Amino acid sequence: MKQNMKMTSLAAAAFMASSTAFSAGEVEVLHWWTSGGEAASVNYLKDKLDGAGVSWSDFAVAGGGGENAMTVLKSRAISGNPPTAAQIKGPSIQEWGDLGFLADINGVAKDNNWDGLLPSVVSDVMKHNGNYVAAPVNVHRVNWLWSNPEVFRKSGATIPTTWDDFMVQAKKIQDAGYIALAHGGQDWQDATVFEAVVLGIGGPEYYQKAFVETDMDALNSDTTTAVFETFGKLRQFIDSNSPGRDWNVATSMVINGEAAMQIMGDWAKGEFKVAGKSVGTDYTCTAAPDTSGSFTFNVDSFAFFSQSDLGNQQAQKVMAKEILGSDFQEVFNLNKGSIPARLGMSRDKFDSCAHDSMDAFIASSQTGGLVPSFAHGMAVSSAVSGAIYDVATNFFNSDQSAAEGASQLVSAVKAAK
Amino acid sequence: MFNFLERNLPKIIIAPTTLAMIVCMYGFILWTGLLSLTKSRMMPQWEFVGLEQYIRLFQNPRWHVALDNLLIFIVLFIVISLIIGLLLAIFLDQKIRAEGAIRTVYLYPMAISFIVTGTAWKWILNPGLGIEKIFRDMGFANFEFRWLVEQDMAIYTIVIAAVWQSSGFVMAMFLAGLRGVDDNLVKAAKIDGASTAKSYWYVILPIMRPVFFSAIVILTHIAIKSFDLVQALTGGGPGYASDLPANFMYTFAFNRAQMGLGAASAIIMLFGVLAVLIPYLYSELRERPA
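Model, not experiment: these values are computed from the prediction.

(A) Region of interest: the packing of helix α2 (residues 52-59) of chain B against helix α13 (residues 259-286) of chain B. Residue and element names in this part refer to chain B. Axis separation between α2 and α13 bottoms out at 9 Å; the angle between their running directions is 80°. Between α2 and α13, the angle falls in the class roughly perpendicular. Across the interface between the two elements, Gln53, Tyr54, Arg56, Leu57 and Phe58 from α2 touch Gly260, Leu261, Ala264, Ser265, Ile267 and Ile268 from α13. Residue composition of the contact of α2 with α13, grouped by class: seven nonpolar, three polar and one charged.

(B) Structural view of the interface of chain A and chain B. Across the boundary between the two partners, chain A contributes 27 residues, which contact 23 residues of chain B. Taken over both partners, the interface formed by chain A and chain B buries close to 2100 Å², and the fraction arising from carbon and sulfur atoms is 51%. Per-residue buried area on chain A facing chain B is highest for Lys74, Asn241 and Asp390 of chain A; these three make up 25% of the total on that side. The interface formed by chain A and chain B holds two salt bridges in total. In this structure, Arg256 of chain B and Asp390 of chain A form a salt bridge, with 3.0 Å as the shortest nitrogen-oxygen distance. At the junction of chain A and chain B, the tally comes to eight residue pairs in polar contact (both at pLDDT 80 or more). Broken down by element, the residue count for the side of chain A that touches chain B peaks at eight residues, all from helix α18 (residues 382-396) of chain A.

(C) Layout of the side chain of Ser36 of chain B. All names here are of chain B. Note on placement: Ser36 falls in the loop between α1 (2-35) and α2. Taking the relative accessible area as the measure of exposure, Ser36 reaches 0% and is therefore buried. Not counting residues within four places of it along the chain, the set of residues in contact with Ser36 comprises Gly50, Gln53, Tyr54, Gly260, Ala263, Ala264 and Ile267.

(D) Representation of the packing of helix α12 (residues 222-233) of chain A against α18 of chain A within the structure. All names here are of chain A. One way to put it is that α12 packs onto α18 with a least axis distance of 10 Å and a crossing angle of 50°. In this view, α12 runs oblique relative to α18, as classed from their interaxial angle. The interaxial crossing formed by α12 with α18 has right-handed handedness. The segment α12 lies against α18, with Phe228, Phe231 and Gly232 engaging Val391, Ala392, Phe395 and Phe396. Of the residues assigned to the contact of α12 with α18, the class counts are six nonpolar, one polar and no charged.

(E) Examining unusual backbone geometry more closely. The phi torsion at Thr214 of chain A lies on the positive side, around 40°, for a residue other than glycine. Of note, Thr214 of chain A is situated in the loop between α10 (187-212) and α11 (216-219). Unusually for a residue other than glycine, Ala257 of chain B sits at a positive phi of about 50°.

(F) Expanded view of the confidence of the model for chain A. On average, chain A scores 88 in pLDDT, and the residues at 70 or more come to 93%. Counting contacts from residues 1-23 of chain A, a segment whose pLDDT is below 50, to residues more than four positions away or on other chains yields five contacts.

(G) The arrangement of the pairing of strand β8 (residues 144-147) of chain A in detail. Residues and elements named next belong to chain A. The two faces of β8 match: Trp144 and Trp146 on one face and Leu145 and Ser147 on the other face are all buried. In the sheet, β8 pairs with strand β11 (residues 284-287) via four bridges, with the strands oriented antiparallel. Each bridged residue has a counterpart across the sheet, and for Leu145 the counterpart in β11 is Thr286. Relative to strand β10 (residues 259-263), β8 is paired through three bridges, and the arrangement is antiparallel. Residue Ser147 lies in a different strand from β10, and its bridge partner there is Met261.

(H) Examining the packing of aromatic side chains more closely. Taken as a whole and assessed by the stated rule, the structure comprises 39 aromatic pairs over all chains. Ring centres 6.1 Å apart and planes at 90° place the aromatic pair Phe58 of chain B and Trp63 of chain B in the edge-to-face group. Residue Trp63 of chain B is classed as buried on the basis of its relative accessible area of 0%. Three or more aromatic residues link up through ring pairs in this structure, and these residues are Phe194, Tyr206, Tyr207, Phe211, Phe228, Phe231, Phe374, Phe395 and Phe396 of chain A. Over the aromatic face of Trp144 of chain A sits the side chain of Arg141 of chain A, whose NZ or CZ is 4.8 Å from the ring centroid. The cationic tip of Arg256 of chain B hangs over the ring face of Phe252 of chain B; the distance from NZ or CZ to the ring centre is 5.0 Å.

(I) Inspection of the sheet that holds strand β7 (residues 140-141) of chain A at higher detail. Residue and element names in this part refer to chain A. Strand order in the open sheet formed by three strands is β7-β12-β14, and the pairing between neighbours is mixed. Strands at the two margins of the open sheet, each flanked by one partner only, are β7 and β14 (370-372). Pairing between strand β12 (residues 295-298) and β14: three bridges, direction parallel. From the neighbouring strand, Phe295 faces β14, where its bridge partner is Leu370. Contacting β7, β12 and β14, helix α17 (residues 352-367) runs over the sheet at an angle of about 105° to β12.

(J) A look at the environment of Ala403 of chain A. In this structure, Ala403 of chain A sits in helix α19 (residues 402-416). In sequence terms Ala403 of chain A and Asp222 of chain A are 181 residues apart; their C-alpha atoms lie 9.1 Å from each other.

(K) The arrangement of α10 of chain A in detail. Residue and element names in this part refer to chain A. Across its 26 residues, α10 extends only 19 Å between first and last C-alpha, which sits more than 12% below the 38 Å expected from 1.5 Å per residue. For α10, the principal kink sits at Gly203 and spans about 120°; a proline, Pro204, occurs within the next four residues. Most of α10 is tucked away: 19 of the 26 residues are buried. Once α10 ends, the next one or two residues include Thr214, with phi positive near 40°.

(L) Looking closely at the nonpolar core. All names here are of chain A. The biggest cluster of nonpolar side chains holds 74 residues, and the ones touching the most others in it are Phe166, Phe194, Phe211, Phe231, Leu234 and Phe374. Dropping the residues within four chain positions of it, Leu234 is found in contact with Trp163, Phe166, Met167, Val193, Val197 and Phe396. Core analysis: the next-biggest nonpolar cluster, separate from the first, contains 65 residues, Trp32, Trp96, Ala109 and Met358 among them.

(M) Region of the structure containing the domain arrangement of chain A. Residue and element names in this part refer to chain A. Here the domain parsing of chain A yields domain 1 (25-140 + 298-353) and domain 2 (141-297 + 368-416). Using C-alpha coordinates to define each centre, domain 1 is positioned 29 Å away from domain 2. Contacts between the two partners involve 18 residues from domain 1 and, on the opposite side, 21 residues from domain 2. Both faces combined, the contact of domain 1 with domain 2 buries some 1500 Å², and carbon together with sulfur accounts for 63% of it. Of all residues in domain 1, His140, Asn298 and Cys353 bury the most surface against domain 2, accounting for 37% of the area lost on that side. Inspection of the domain 1/domain 2 interface yields one salt bridge.

Rules used throughout
- Residues numbered from 1 in each chain as written.
- Chains lettered and ligands numbered in written order.
- Predicted model: local features only at pLDDT ≥ 70, side-chain atom pairs only at ≥ 80, totals over all residues.
- Heavy atoms only, no water.
- Axes fitted to C-alpha atoms, helices over the stretch in contact; angles between N-to-C directions.
- Helix = DSSP H or I, 4+ residues; strand = E, 2+ residues; numbered from the N terminus.
- Parallel < 35°, antiparallel > 145°, perpendicular 65-115°, else oblique.
- Contact = heavy atoms within 4.5 Å.
- Nonpolar A, V, L, I, M, F, W, Y, C, P; charged D, E, K, R; others polar.
- Buried area = accessible area lost by both parts, 1.4 Å probe.
- Salt bridge = Lys/Arg side-chain N within 4 Å of Asp/Glu carboxyl O.
- Polar contact = N/O pair within 3.5 Å; in protein donor to acceptor, adjacent residues only side chain to side chain.
- Buried < 20%, exposed > 50% of the residue type's maximum accessible area, 1.4 Å probe, protein only.
- Left-handed = near helix turned anticlockwise from the far one by under 90°.
- pLDDT = per-residue confidence, 0-100.
- Pairing = 2+ DSSP bridges.
- Phe/Tyr/Trp six-rings, centres within 6.5 Å; stacked < 30°, edge-to-face > 60°.
- Lys NZ or Arg CZ within 6 Å of the ring centre and 35° of its normal.
- Expected span 1.5 Å × (residues − 1).
- Bend = angle between axes of the 7 residues up to and from the residue.
- Core = buried A, V, L, I, M, F, W, Y, C linked by side-chain atoms within 4.5 Å.
- Domains from an automatic or database assignment.

The following block contains the structure:
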């Protein structure tokens, strides 16, 4: 009988939900999460919204880093017909905000206490002129070192925790006949490794000054030359076939035991999982050398565009609320390998890498070690990060000296600002 | 009414095409030219800054790499494609057996898109997968062919792939030209005692001048708009060593929100094309007033 009652009320709820669907409007969401785990995560959000009576119109534009999606978004926005929400992150949110396209969702934020739920480094990115215009879905940690313990055992090496030690251990691994550092020679991957070196050698304070605030004095210091020296030493530890290699191919080299280590964000975990490997025994995750107390974050988010239709405005608010709901945050991040953007969630279902990430996130936010990733468009405008990409990738693929690299970086950043 | 139609039908039919061309070609050239004078970043922004974007462009080391690469690529691509295409056409013209089949084989690469060509050559030229590995497996342990991963040589791999794709097409054009040569002229040359090589050099090739003209015009525009081949074969790498101006333009205008700079580079590309083509068109067309 009780069961029956439950069914009836469920049915009633469902009926009510479906009847409100007519008035609650529609969200059209531009994103480029089209691969397996990512698509599943997006579908979960879609189902969530369906349950709340909001219909979902999928506007997926495939293509790696979202360049295609951004091109489509620009043309839609210029023609006065932007989608309800779009996958935009970092300083780009400010650029769109400056152009006056984004909707103020302060109401939802206030009702759901976003200021309390989100660490301030994250919420600052989501605000334009002090108003919430976007909602974060996850936090990726970029400064990870992925290792294959088997290869380390066979070469008699230990997982390095400092860059000096890295050079010693990598030499051992190489002498044992393995590739020390699995790497794909694409500009953003070069920049990802470069970023880890900057953070390790320069420390978070220098990182913040030079690569977030683009302070010319900090960039023009000896620290920059020291960073390039270490970065240059890494050239010898990657294999010569690396140019053009995709990041997940590099990850599979670690999985197969061809290579010992890879420096890559926590999305690499997905590759290990798909290959059926378990953390601790088949692979390990540790902070990149000299960065254990720091955390380079890469936060994905949805920015909300101004809507004229009242129903759609309402739907937009429902979507914003659901994104920060603990259900969605948990499912999405379990799929994607990242950690939830909001604090105070149950962490039982996450694995030990994610736990490390969560601990480091909270600890580093108190010490100032929590810094935005410039290699993933979180720290500086796309013009400046592009300039850094160019210098890093050109340096890494040539035999330039550290001094040349440093001086090129200074002039390139200056020109792009 | 019928008379009006009869008189104006050709114009009416051509009008939409003309209109589309004026808007989509010349209109957008003008638009890009204007954009290049503004400080536009993510979106067009009509705040004019004079030639600042051009100054920034020519201060960018990556742009100079792209320009140098374009020069290397255009010269080598056109010259090698012409030579190979011409030789293939002359060999095929010797009344050999199975000409149709061979012609098809040589022409086939043209049916493939540059993306496929680029991807295939990426594997062939990859030291760990392709030619180098094959030779090493055969016992030549010191064999090295790794242009694809060398900064100074990567642009030549693009030349190789582009030549492979286009020389068959050039061959087809020359073959058609050769078939159009009046047999009596060749016979006359033979009677005057010219060797085969000499009759080709002094008689047949000069007659085929219009074919050279068409081939060069077509190859030049293939070369300048080359984008997909680079994207698929090297991704502009290692580093940005094999960038061409089109890749530069795309990266800066679309990926890096520097629309003004991208527009400036597009305009420079346009001037590059004009600088090559106008004198050539002028010298070729002047002789044939028609």
